[in-house]
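The chain contents come next:
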Amino acid sequence: MRSSLLIVIALLAGCASVQPWEKGYLAKRQMAFDPDPVEARQKNHLYASKEAAKGGTGVGGGGCGCN
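Residues numbered from 1 in each chain as written. Predicted model: local features only at pLDDT ≥ 70, side-chain atom pairs only at ≥ 80, totals over all residues. Heavy atoms only, no water.

### A word on helix H3 (residues 37-51)
Right, on to step 1. The end-to-end C-alpha distance of H3 is 21 Å, a good match for the 21 Å that 15 residues give at a rise of 1.5 Å each.
Right, on to step 2. Where H3 terminates, the next one or two residues include Ala-52, which has phi positive at roughly 60°. (Helix = DSSP H or I, 4+ residues; strand = E, 2+ residues; numbered from the N terminus. Expected span 1.5 Å × (residues − 1).)

If you want it as structure tokens, here you go:
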């Protein structure tokens, strides 16, 4: 019980609202998950060639075929 309460408090403390004038900071290249798309593509290619598997790195679509 105590650990779950601490986890909930920690998760709520991480939430923050972003003001409109601060959104420019989030659009910077350094804030992206993959700041360098060429390097990310090379890492994915290297991983796929070593693991003999491909895919699973993108966003999945819905089952209805509408996207």
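### Details of helix H1 (residues 2-13)
Right, on to step 1. With 12 residues, H1 extends 17 Å between its outermost C-alpha atoms, agreeing within 8% with the 16 Å of an ideal straight helix rising 1.5 Å per residue.
Right, on to step 2. In terms of burial, H1 is a largely surface element, zero of the 12 residues being buried. (Buried < 20%, exposed > 50% of the residue type's maximum accessible area, 1.4 Å probe, protein only.)

### Topic: the pattern of salt bridges
Right, on to step 1. With the rule as written, the count across this model stands at two salt bridges.
Right, on to step 2. Measuring nitrogen to oxygen at the nearest pair gives 3.7 Å for the salt bridge that ties Arg-29 to Asp-36.
Right, on to step 3. By relative accessible area, which is 31% here, Asp-36 ends up partly exposed.
Right, on to step 4. One salt bridge connects Lys-43 with Glu-39, and the closest N-O pair in it is separated by 3.6 Å. Within this pair, Lys-43 and its partner Glu-39 are both found in helix H3, separated by four residues, close to a single helical turn.
Right, on to step 5. Accessibility expressed as a relative area gives 38% for Glu-39, which makes it partly exposed. (Salt bridge = Lys/Arg side-chain N within 4 Å of Asp/Glu carboxyl O.)

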